[in-house]
Amino acid sequence: MATQESTILNTPYGGKLVDLVKTGDEREVLRELATHLPDVRLSPRSLHDMELLAMGAFSPLDRFMGKADYERVMEEMRLANGALFPIPITLPVKSDELPKSDQVVLRDVRNNAFAIMDIEETFKWDPQVEAQKVLGSTDPRHPLVSEMIRWGDICISGRLQVFDLPMYSDFVELRRTPAQVRSLLEQMGNKHVVFFQTRNPMHRIHEELTKRAAEKVQGSLVIHPVVGLTKPGDVDHYTRVRVYNSLIENYYDKNKTLLSLLPLAMRMAGPREAVWHAIIRRNYGATHFIVGRDHAGPGKDGNGNPFYGPYDAQELLTKHQAEVGVEMVPFKELVYLADEQRYVEAGQEPAGAKILNISGTQVRNDYLAKGEYLPEWFTRRETSAILMEMFPPRHKQGFCLWFTGLSGAGKSTVAQLVTSMLMERGRQVTVLDGDVVRTHLSKGLGFSREDRDANVLRIGFVAGELVRQHGAVIAAAISPFRAARNECRKMIGEDRFIEIFVNTPVEVCEQRDVKGLYAKARRGEITGFTGVDDPYEEPRNPEINLDTVNNTAEENARQIIQYLEEKGLVLPFASAGKQS
């Protein structure tokens, strides 16, 4: 059913706010029915999608997309009825796991039930085709590309009847539906509302820009951070929301400012995502939406180039803003005038004025990594304190050295030397050797591509957990496929994953092969052997490339240590014993 339309706010996209959540007797009937139906398990991404579908954030969608909507969205950014909608919202499942039933109950991985879905349509999809059309790339360094290949092979669609929404125990009072946000905005009494999307901590420049935007539209401001799935390696939402809450409490006008959380699973789709975000914000009441440089960009591709241009997102939303019904507000670059103690737009500073600025790299390396407060002209002291609690000095932060290369390339030999050198500098190291992991963590897996990837992803998962606890991890495994390695990069964190290509030609590996495995593979006694009858996909842009033909193992190990010292992840040996 639809909620009552607002009296002063922008109407929801499509004219009414979808509401799929059942209540009262109808809810109880559905909950009872759910105990008798086979289930479909939702991934965290699909669970977020279902939640936002149910509460109307994706209006006018009232279900996961069917084939007609899906195909036209990919090709034209439009639903089958012609309405602009740039991102596919589908429910992929594995065909061999789909129950033979007209109805299923949707559950999460913890067995919590949320909705009953009528299976009205199933259709096949191709992750490579979707990636190219929607993301503009099939490069596995894009976080969604490396994830999509593990989704199911078919998509299902049909009527959704939601009887429960996911339960949260964190920041409960800030988790609001579109209808609830609209109600609060109605009470503020402003027709114009500007929304600010963020997945990073807010500094003074963000504060200044959002206040100026609200003043310019003469309306309300909603700080609307994403707390679902964001870019791998982003600051966790617990830390970010503490920052946002502190700023709202102390530095914003509460009569026209609202902080509310959005449980969105981002796609990092750049320009298309900016249009999608604007549509979502219209459903929450927006008339204006702030879009920054490289909005929803995933970083750089395998060749070191940005996936999207810095202003592509702004340009695409501007092109469609009349149809979306939300005006694009560009995030303009501001600079700080030291003598006047104020921000001005870049290019409008007085001649000869003293300008202060700090890059993101300086924030991490020159301040947080050294345990020092950020300058108050750049960041509020409360924000600095929160960030310092969560980010220890750089040389105490976690990282993963990911050794990849052919069997016999010398991965374990160099890894062993690096382990000793790190421990010499006071770092405790966990070594995840591919063969050892197969014995203890991956026992029973074979050597098919699926099993190889499963083994690598298990290593990546363990490494990611250790790195989050500030541990130093060395992973040494052939890990032959780029997609799996890039998925591990996502789990561990872009700036904590150091890919080391042990670049040894296959003929040299064969000469060194004391176990005779290559010879057995050449004779056909072993099949599926990487480098002989199974492929190895070399890293395109590894952080470190080791030459094991012209350099000794010790020289290569010292090259790695030098890299870590340059990045501040370990202290030089002379300093290591002096600092705790």
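Above: the structure in question.
Described in the following lines is the structure provided in the data block. Quick caveat, the model's predicted, so the values are computed rather than measured.

## What to know about the packing of helix H13 (residues 411-424) against helix H19 (residues 553-566)
Here is step 1 of the chain: Between H13 and H19, whose axes approach to 9 Å, the crossing angle comes to 50°. It follows that H13 is oblique to H19 by the angle criterion. For the element pair H13 and H19, the recorded crossing hand is right-handed. Of the residues in H19, those in contact with Thr 413, Val 414, Leu 417, Val 418, Met 421 and Leu 422 of H13 are Ala 553, Glu 554, Asn 556, Ala 557, Arg 558, Ile 560, Ile 561 and Leu 564.

## What to know about the pairing of strand E11 (residues 288-291)
Here is step 1 of the chain: Burial of E11 is two-sided: the residues His 288 and Ile 290 facing one way and the residues Phe 289 and Val 291 facing the other way are all buried.
Here is step 2 of the chain: Pairing between strand E8 (residues 193-198) and E11: 3 bridges, direction parallel. Pairing of Val 194 across the sheet is with His 288, part of E11.
Here is step 3 of the chain: Pairing analysis gives 4 bridges linking E11 to strand E12 (residues 327-330), with the strands arranged parallel. The residue bridging Phe 289 from the neighbouring strand is Met 328, located in E12.
Here is step 4 of the chain: In this fold, the crossover linking E11 to E12 by way of helix H10 (residues 312-324) has right-handed handedness.

## Some words on the sheet that holds strand E20 (residues 544-547)
Pairing between sheet strands relies on hydrogen bonds along the backbone, with the strands arranged either parallel or antiparallel.
Here is step 1 of the chain: Taken together, 5 strands build an open sheet; the order of strands is E17-E18-E16-E19-E20 and the sheet is parallel. Two strands bound the open sheet, and with one partner strand each, they are strand E17 (429-433) and E20. Within this sheet the neighbouring strands show an average axis-to-axis angle of 20°, counted without direction.
Here is step 2 of the chain: By the bridge criterion, 5 bridges tie strand E16 (residues 399-404) to strand E19 (residues 497-503) in an arrangement that is parallel. Within the sheet, the bridge partner assigned to Phe 403 lies in E19 and is Ile 500.
Here is step 3 of the chain: Across the sheet, H13 touches E16, E17, strand E18 (472-476), E19 and E20, and the angle it forms with E16 is around 160°.
Here is step 4 of the chain: Together, E16, E17 and E18 form the strand contacts of helix H15 (residues 449-468), whose direction differs from that of E16 by roughly 155°.

## Structural notes on the nonpolar core
General note: in soluble globular proteins, nonpolar side chains tend to be found buried as a group.
Here is step 1 of the chain: One finds Phe 58, Ile 89 and Leu 106 to be the most contacted residues of the largest nonpolar core, which totals 79 residues.
Here is step 2 of the chain: For Phe 58, the residues in contact, after removing those within four places along its chain, are Asp 49, Leu 52, Leu 53, Phe 85, Ile 89, Leu 264, Trp 276, Ile 280 and Asn 283.
Here is step 3 of the chain: If you look at the next biggest cluster of nonpolar residues, it comprises 34 residues, including Met 202, Val 243, Ile 248 and Phe 331.

## What to know about the sheet that holds strand E14 (residues 342-345)
Here is step 1 of the chain: Strand order in this open sheet of 3 strands is E14-E13-E15, and the pairing throughout is antiparallel. What marks the edges here is a single partner per strand, and that holds for E14 and strand E15 (355-356).
Here is step 2 of the chain: Here strand E13 (residues 334-337) runs beside E14; their pairing, made up of 4 bridges, is antiparallel. Looking at the pairing, Val 335 lines up with Val 344 of E14.

## Section: the pairing of strand E4 (residues 113-118)
Each regular strand carries side chains that alternate between the two faces of the sheet.
Here is step 1 of the chain: With respect to burial, E4 is a largely interior element, 6 of its 6 residues being buried.
Here is step 2 of the chain: One ladder, built from 5 bridges, connects strand E3 (residues 103-107) with E4; its direction is antiparallel. Within the sheet, the bridge partner assigned to Arg 107 lies in E4 and is Ala 113.
Here is step 3 of the chain: Here E3 folds back onto E4 in antiparallel fashion, the turn holding 5 residues, of which Asn 111 has a positive phi close to 75°.
Here is step 4 of the chain: The pairing of E4 with strand E7 (residues 160-162) spans 3 bridges and is antiparallel. Bridge assignment links Met 117 to a residue of E7, and that residue is Leu 160.

## Focus on helix H3 (residues 67-76)
Here is step 1 of the chain: By the burial criterion, the buried members of H3 are Tyr 70, Val 73 and Met 74. One side of H3 holds all its buried residues, which, seen down the axis, span an arc of 95°. Turned more than 90 degrees away from the buried face of H3 sit Ala 68 and Glu 75, all of them exposed.
Here is step 2 of the chain: Those residues of H3 hidden inside the fold are in contact with strand E5 (121-124), helix H4 (127-135) and helix H9 (271-284).

Rules behind the numbers
- Residues numbered from 1 in each chain as written.
- Predicted model: local features only at pLDDT ≥ 70, side-chain atom pairs only at ≥ 80, totals over all residues.
- Heavy atoms only, no water.
- Axes fitted to C-alpha atoms, helices over the stretch in contact; angles between N-to-C directions.
- Helix = DSSP H or I, 4+ residues; strand = E, 2+ residues; numbered from the N terminus.
- Parallel < 35°, antiparallel > 145°, perpendicular 65-115°, else oblique.
- Left-handed = near helix turned anticlockwise from the far one by under 90°.
- Contact = heavy atoms within 4.5 Å.
- Buried < 20%, exposed > 50% of the residue type's maximum accessible area, 1.4 Å probe, protein only.
- Pairing = 2+ DSSP bridges.
- Right-handed = clockwise from strand over helix to strand, strands pointing away.
- Core = buried A, V, L, I, M, F, W, Y, C linked by side-chain atoms within 4.5 Å.
- Arc of directions from axis to C-beta.

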